[in-house]
Amino acid sequence: MPESRCLQGIWSSPWIFIFAAAGSAIGLGNIWKFPYMLGGNGGGAFLLIYCLCLIVVGLPMLMAEVALGRTVRSNPVDTVNDLAERRVVSKYWVVVPYLAGLTGLLILSFYSVIAGWALAYSHRAVTGELEHLDKLQSEALFQGFLNNPVEMLLWHSVFMALVVLVVGQAVTRGLSNVVRVLLPTLIFMLLLLSIYALVVGSGSEAIRFMFRLDWSQVTFEVALSAIGHALFSLGVGLGAMFSYGAYMSKRMSIAKACTIVVSLDLVVSILAALIIFPLTFEFGIDVDSGPSLPFVTLPIIFDLLPAGQVIGLVFFVLLVLAALTSAISMLELFVSWMHERFYIGRLKASFMLGLAVWFVGIAVVLSFNHWDAKILFGLNLFELIDGTTSLILLPIAAIALSTLVAWVIPEPMLKNEMIAQNPRHFYWWYTTLKYVSIPAAVLITVAGWIGV
Ligand code: PHE
């Protein structure tokens, strides 16, 4: 890879890579989406399949992305172009990084709207609107918010502006300091809240729901949702982890770093569910109520706590920050590519892309109220973008990127990269990726699509 195209900054300490990758992984996917996916897919069965997907598919695919990024130290688009020019891979592979980048932009278009909900709830915690809410009032408050597209658009715009500003700066500077403080605080807070929820809510019912396995719920469709969400939650398949791998120091073990990231991601998701479900059962909130579930449930727990409004405010602000450290990695692929290939300033590139995403986000905002039309397959625009990205584009992009690493790129290229740390890790990972992760992901995805 020509020196001029290499990324400049290398993470100074191994932990900075872990913080950056965990910052990308941990976000709304864990605290907002995971609980309602678990609720909608029957609890224990989904949790079990989800954990298997994280370990058997997510972890090896995450390592593949990071390993390739560190080997070539460039962005995904230039990397595949370069490999195609050198005839290491066929030129058709060039489609993959574009698909990954586009998927990231599509995800961001609704991710930013939901992060806007968290911003709006931070604001409501300040104005005291979250005080003294019972179940019906909390549902009414959220519904009232959904029916107000102007307010939703405002917060979506604020969030997108933040994303553009942070991505406009170099990623090494923008990220690590925030996540270093954010992550431990978030985990600590989730831990305390989950203990409290288990005590004041219906803890035993929640535990039974989350951990009891009902085999009748185990289907390929549930498995497809689980695999799609595992990839979404880890942020695999979009080339973001590729970019972080490109900044990673050679001394760091990829296997170790990625295992830590996956574990942190899982812990945060489970803690979030342990907060939500004791309350849903205690207050008779429907576990299958979809995207509104966390936003209806969380204000109730804050109201039960002493100094709950302050805790609520801190919580929603942390959630916004967690969403921000994820959202930036959705823009990163194309921004770094435009910067390195066309010498467009980072701020300018992220502004242009951010503007396009913001426009699509307007349609997403309207799909919750004025434009709640079922466009296709009985789904509105939000559901359509969410479903298409998690269940179709993300699995395709992740499978394609891993196939490139495991089956197409010559083994010595990666072996030299990874073997220095631990040869056993390399063989374990490479064999699993080739013969287990990719086939399992293909099988589940295709079977889920055809509805077996
Ligand atoms: N992993 C993030 C979350 O769970 C979302 C994300 C998806 C980030 C894809 C990067 C890439 O919220």
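Residues numbered from 1 in each chain as written. Predicted model: local features only at pLDDT ≥ 70, side-chain atom pairs only at ≥ 80, totals over all residues.

For the rest of this paragraph, the subject is the overall build of the chain. Along its length, the chain carries 18 helices and zero strands. A compact globule built from 452 residues would reach a C-alpha radius of gyration of about 22 Å, and the chain, at 21 Å, matches this within 12%. Oriented by its inertia axes, the alpha-carbon framework of the chain measures out at about 65 × 50 × 45 Å. Every one of the 452 residues in the chain was classed for burial, and the buried ones make up 53%. Restricting to contacts in the chain with at least 6 residues of sequence separation, those with at least 24 account for 87%. (Helix = DSSP H or I, 4+ residues; strand = E, 2+ residues; numbered from the N terminus. Rg over C-alpha atoms; globule rule 2.2 N^0.38 Å. Buried ≥ 20, exposed ≤ 12 C-beta atoms within 10 Å, placed from the backbone. Contact = placed C-beta atoms within 7 Å.)

The terminal C-alpha atoms of helix α7 (residues 149–168), which comprises 20 residues, lie 28 Å apart, in line with the 28 Å expected from a rise of 1.5 Å per residue. The complete set of buried residues in α7 reads Met 152, Trp 155, His 156, Phe 159, Met 160, Leu 162, Val 163, Val 164 and Val 167. Those residues of α7 hidden inside the fold are in contact with α5 (95–127), α14 (308–342) and α15 (346–366). (Expected span 1.5 Å × (residues − 1).)

With phi around 50°, Arg 73 is a residue other than glycine that occupies positive phi space. Mapped onto the elements, Arg 73 comes out in the loop between α3 (44–72) and α4 (76–85). Of the residues examined, Arg 73 has 18 C-beta atoms within 10 Å and is grouped as partly exposed. One non-glycine residue, Arg 87, adopts positive backbone phi at about 60°. Looking at the secondary structure, you find Arg 87 in the loop between α4 and α5.

This part covers the site of the ligand. Close to the ligand lie 15 residues, the nearest being Gly 27, Gly 29, Ser 233, Gly 235 and Ser 326. Of all the secondary structure elements, the ones that give two or more residues to the shell around the ligand are α1 (14–25), α2 (28–40), α10 (220–234) and α14. Here the shell around the ligand is composed, by residue class, of seven nonpolar, eight polar and no charged. (Near = placed C-beta within 6 Å. Nonpolar A, V, L, I, M, F, W, Y, C, P; charged D, E, K, R; others polar.)

This paragraph deals with the environment of Val 94. Note that Val 94 resides in the loop between α4 and α5. Overall, the presence of 16 C-beta atoms within 10 Å leaves Val 94 in the partly exposed class. When sequence neighbours within four positions are dropped, the list of residues in contact with Val 94 reads Val 80, Asn 81 and Ala 84.

Turning to the confidence of the model for the chain, a few remarks are in order. Residue-level pLDDT values for the chain average 89, and 94% of them are 70 or greater. The complex prediction reports pTM at 0.92, with the ipTM value standing at 0.98. (pLDDT = per-residue confidence, 0-100.)

Residue position: Phe 283 is located in helix α12 (residues 254–283). The exposure class assigned to Phe 283 is partly exposed, which follows from the 17 C-beta atoms found within 10 Å. Spatially, the C-alpha atom of Phe 283 lies 45 Å from that of Gly 245, the residues being 38 residues apart in sequence. If sequence neighbours within four positions are ignored, Phe 283 has contacts with Lys 135 and Ile 300.

A word on the packing of α3 against helix α18 (residues 423–449). As a packed pair, α3 and α18 sit with axes 9 Å apart at the nearest point and diverge in direction by 125°. With respect to each other, α3 and α18 are oriented oblique. As α3 packs across α18, the resulting crossing turns out to be left-handed. Every residue of α18 that contacts α3 at Val 56, Val 57, Pro 60, Met 61, Met 63 and Ala 64 is listed here: Trp 429, Thr 432, Leu 433, Val 436, Ser 437, Ala 440 and Ala 441. Here the contact of α3 with α18 is built from residues that sort into 11 nonpolar, two polar and no charged. (Axes fitted to C-alpha atoms, helices over the stretch in contact; angles between N-to-C directions. Parallel < 35°, antiparallel > 145°, perpendicular 65-115°, else oblique. Left-handed = near helix turned anticlockwise from the far one by under 90°.)

With that settled, consider the packing of α2 against α12. To characterise two packed helices, one gives the angle between the axes of the helices and the distance between these axes. In the contact formed by α2 and α12, the axes pass within 8 Å of each other and the chain directions differ by 65°. Crossing geometry of α2 relative to α12 is assigned as right-handed. Counted together, Asn 30, Ile 31, Phe 34, Pro 35 and Leu 38 of α2 and Asp 265, Val 268, Ser 269, Ala 272, Ala 273 and Ile 276 of α12 form the full contact between these two elements. Partitioned by chemical class, the residues of the contact of α2 with α12 number eight nonpolar, two polar and one charged.

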